[in-house]
Protein chains: 2
Amino acid sequence: MALDTYKSVVALAGGVGGAKLADGLARLLPPGALTVIVNTGDDFRHYGLAISPDLDTVMYTLGGVANIVNGWGLEGDSQQMLGMMRQYGDDAWFGLGDKDLATHLLRTQWLEEDITLTEVTQRLSKALGIQSRILPMSDNSIPTVINTAEYGELTFQEYFVRYRWQPTVAPIVIRGESTSPIMYDGEAIMTDEGVSALQNADLIVFCPSNPMLSIDPILNAEPCRDLIENRSVPCVAVSPLIGGQAVKGPAAKLMKELGMEVSSNSIAHYYEGLIDGIVVDRADQVDADRALKVLPADILMRNVEDRARLAGEILEWMTSWTR
Amino acid sequence: MALDTYKSVVALAGGVGGAKLADGLARLLPPGALTVIVNTGDDFRHYGLAISPDLDTVMYTLGGVANIVNGWGLEGDSQQMLGMMRQYGDDAWFGLGDKDLATHLLRTQWLEEDITLTEVTQRLSKALGIQSRILPMSDNSIPTVINTAEYGELTFQEYFVRYRWQPTVAPIVIRGESTSPIMYDGEAIMTDEGVSALQNADLIVFCPSNPMLSIDPILNAEPCRDLIENRSVPCVAVSPLIGGQAVKGPAAKLMKELGMEVSSNSIAHYYEGLIDGIVVDRADQVDADRALKVLPADILMRNVEDRARLAGEILEWMTSWTR
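What this report covers is the structure whose coordinates are included nearby. Values in this document were obtained by computation on a predicted structure and should not be read as measured data. Counting starts from 1 at the beginning of each chain's written sequence and moves along it residue by residue. A letter from A marks each chain and a number from 1 marks each ligand, given out in the order of writing. Only residues with pLDDT of 70 or above have their local features reported here, since the model is predicted, and side-chain atom pairs are shown and tallied only from 80 upward, although totals for entire chains, interfaces and linings are computed over all residues. Computation of side-chain values covers all heavy atoms of the structure but excludes hydrogens and water.

Considerations on the sheet that holds strand β6 (residues 144–148) of chain A
All names here are of chain A.
(1) Moving on: Strand pairing follows a simple DSSP-based rule, namely that at least 2 bridges must link the two strands. Helix and strand labels come from DSSP, where a helix needs a run of H or I of at least four residues and a strand needs a run of E of at least two; each type is numbered from the N terminus. If you walk across this open sheet you meet the three strands as β7-β6-β10, and the pairing is antiparallel. Among the strands making up the open sheet, the edge pair consists of β7 (152–155) and β10 (182–184). Averaged over all neighbouring strand pairs, the angle between strand axes comes to 35°, with direction disregarded.
(2) Moving on: Packed on one face of the sheet, helix α8 (residues 211–219) meets β6 and β10 and runs near 30° to β10. Whenever a helix is involved, its axis is fitted only over the stretch in contact; in every case the axis is a line through C-alpha atoms, and angles between N-to-C directions fall within 0 to 180 degrees. In this description, contact between two residues means that some pair of their heavy atoms is separated by no more than 4.5 Å.

Okay, structure coming up:
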């Protein structure tokens with residue numbers, strides 16, 4: 001099967017790392033063949049605005065308007081609004097760019113008009129000239145909540161941005177029973193569009209996003225995990241770790257705090273039953289005894305060329321199984 | 001009575017011209033002695049934000065942060081958000097600055113928390129170091145609606161900004177009965193703070209704002225007109241016209257369309273029963289037969305010095321009556 005015959009490739013993605021690989025896939029696949037299902041567990045309200053950080057990162061990246069240094073936010077953006085907020089005595093802890101505000105204002109207004117987050121994202125993506133389909137994992141808002149030793153329960157953005165993922169995640173122990181420190185404030189339901197994309201997928205790729213904080217919320221949106229466990233098409237994950245270090249963000253720190261081995265091997269184990277193969281850095285090892293295909297690759301995406309190169313290697317590899 | 005013995009001077013103001021004179025008064029009176037009651041008939045929602053253009057113009061001007069060229073908006077502001085709105089296909093007809101957005105975001109959020117517009121304005125003013133009291137004419141939102149020949153009924157900002165006050169105002173005629181083209185979408189009720197300020201005023205000044213579109217909505221907030229008609233203290237108006245021309249905005253055009261003579265004399269007539277005196281440009285005439293005091297002055301405020309000079313002349317003049 002040649003790349004240009006793919007009709008539907010589904011990528012699950014969180015923020016920056018996920019967006020980069022999704023962009024690589026979009027550049028190689030036929031226009032419209034890529035669907036990115038994006039984590040919305042870190043969505044939140046701030047200054048009354050409906051903010052969807054991962055959706056925006058994927059959208060800005062695929063639209064070619066993302067800030068190339070940060071990976072999130074818009075290129076050439078400013079923070080005049082935040083400066084004025086500080087003048088009003090606000091601590092302005094969440095980095096909202098001025099251009100970025102247009103996205104949040106339109107989304108907030110449209111959601112208030114009972115337009116779904118799926119439709120809102122479609123409208124914004126279309127205006128940015130994006131041909132891939134970017135889907136929120138769910139149209140109902142189910143925040144990811146993280147229990148920390150220092151502050152107790154935090155919403156994702158408090159943990160991630162306000163406290164720069166420095167708090168230690170800690171299970172909640174009730175009468176000797178300990179629960180996961182990562183919780184969901186309700187049960188997310190996948191959208192019909194997301195279900196249909198997974199059911200009709202030729203290939204499924206878990207982008208190099210945080211497995212616990214970005215991919216798990218998507219898998220836990222009903223019935224995502226079931227659909228992937230019972231799929232008939234290849235599914236691979238790309239490790240977010242290189243040499244036991246996270247490329248970006250709290251993945252390594254979090255795994256350690258959760259008592260996991262911090263390695264791509266551990267990521268492979270984490271996704272057991274869900275994936276047929278894993279893409280890891282050339283230097284990393286995965287247990288040979290597992291019935292799991294392994295693609296060693298240069299998984300660090302420094303620039304746009306790297307995105308397309310890595311996406312190409314992954315697509316070629318997966319394609320080779322179905323020939 | 002010396003200026004520094006005034007405890008309470010009340011100014012009624014609309015936007016730019018009103019804000020300038022209010023600033024002059026604030027500079028001369030003892031700290032906290034000035035209360036500005038501001039038109040909120042042109043408040044509206046845009047992108048879901050609660051926008052109070054006149055309140056903001058007065059607040060930014062008294063806070064020393066207004067854009068000195070426009071008279072409205074913040075000094076050093078940018079329009080990155082609007083640029084992005086255009087990228088999303090929005091026509092971005094209302095000039096919202098990026099810094100300015102902080103004001104609207106906080107106001108919107110606080111109003112949603114059932115904090116009154118009076119309290120919201122107090123919080124914002126305090127953060128900007130303003131010692132004068134800026135009061136919305138009402139805490140209930142009663143939009144001014146303008147009937148036009150070209151577009152029918154328009155809200156104030158549509159008329160004023162979107163169509164740059166170019167449409168012709170036209171009375172609505174029903175079975176031979178013609179109504180005023182300027183209407184209110186309900187009955188505005190003055191706040192307790194506004195009523196109390198008027199009841200305890202030493203002096204009352206109508207700033208050089210549009211009588212029909214800025215001062216009338218304040219007078220029509222119950223029981224403002226009654227309180228002023230039955231006052232026991234001096235009340236003067238400052239004409240917004242010089243030589244039959246408006247310094248800024250649609251006052252002259254509007255008066256013509258309403259069939260009024262376009263002159264300061266006509267303004268004096270318009271405020272009959274409400275004022276003891278009028279401040280007009282040196283070149284302008286007011287009918288000598290009226291029992292109305294007239295102060296000819298240089299009423300054009302080109303800079304901050306002009307504001308204080310004009311305010312000083314008005315205060316000295318009014319003070320001379322009560323000596």
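Now that the structure has been shown, the text picks up again.
Thoughts on the relation of the copies chain B and chain A
(1) Moving on: The copies were overlaid by least squares, fitting only the C-alpha atoms of residues that reach a pLDDT of 70 or more in each copy. Taken as rigid bodies, chain B and chain A are interconverted by a rotation of 180° and an axial shift of 0.0 Å, the fit giving an RMSD of 0.0 Å. Seen this way, the second copy is the image of the first under a two-fold rotation axis. Every residue of chain B has its C-alpha some distance from the rotation axis, and the shortest such distance is that of Asp98 of chain B, at 2.9 Å.
(2) Moving on: Comparing interface residues between copies, 100% of those in chain B also sit at the interface in chain A, which points to an isologous, same-surface contact.

A look at unusual backbone geometry
(1) Moving on: The amide bond that connects Glu222 of chain A to the next residue, Pro223 of chain A, takes the cis arrangement and shows omega of -5°.
(2) Moving on: Counting through the fold element by element, Pro223 of chain A comes out in the loop between α8 and α9 (224–229).
(3) Moving on: Phi angles above zero are rare outside glycine, and Tyr47 of chain A is one such case at about 55°.
(4) Moving on: Exposure categories follow from relative accessible area, calculated using a 1.4 Å probe and restricted to protein chains: below 20% of the type maximum is buried, above 50% is exposed, and the middle band is partly exposed. Judged by relative accessible area, which is 5%, Tyr47 of chain A ranks as buried.
(5) Moving on: Residue Arg175 of chain B is not a glycine yet carries a positive backbone phi of 45°.

Quick word on the pairing of strand β1 (residues 9–13) of chain B
Residue and element names in this part refer to chain B.
(1) Moving on: Counting buried positions along β1 yields five of five residues, so the element is predominantly enclosed.
(2) Moving on: Where burial is concerned, the two faces of β1 agree: the one with Val9, Ala11 and Ala13 and the one with Val10 and Leu12 are both buried.
(3) Moving on: For β1 and strand β2 (residues 34–38), the ladder comprises five bridges, and the chain directions are parallel. For Ala13, the partnering residue across the bridge sits in β2 and is Val38.
(4) Moving on: For the crossover that starts at β1, traverses helix α1 (residues 16–28) and ends in the parallel β2, the hand is right-handed.
(5) Moving on: Summarising the sheet, β1 and strand β11 (residues 203–206) pair through four bridges and their orientation is parallel. Opposite Val9, over in β11, you have Leu203 as the bridge partner. Crossovers are described as right-handed under a simple rule: with the strands pointing away from the observer, the path leading from the first strand over the helix to the second runs clockwise.

Re the pattern of salt bridges
All names here are of chain A.
(1) Moving on: We define a salt bridge as a side-chain nitrogen of Lys or Arg found within 4 Å of a carboxyl oxygen belonging to Asp or Glu. By the definition in use, this model includes 26 salt bridges over all chains.
(2) Moving on: Note that Asp298 is salt-bridged to Arg302, the shortest N-O span being 3.4 Å.
(3) Moving on: What emerges from the salt-bridge pattern is a single network uniting Asp298, Arg302, Asp306, Arg309 and Glu313.

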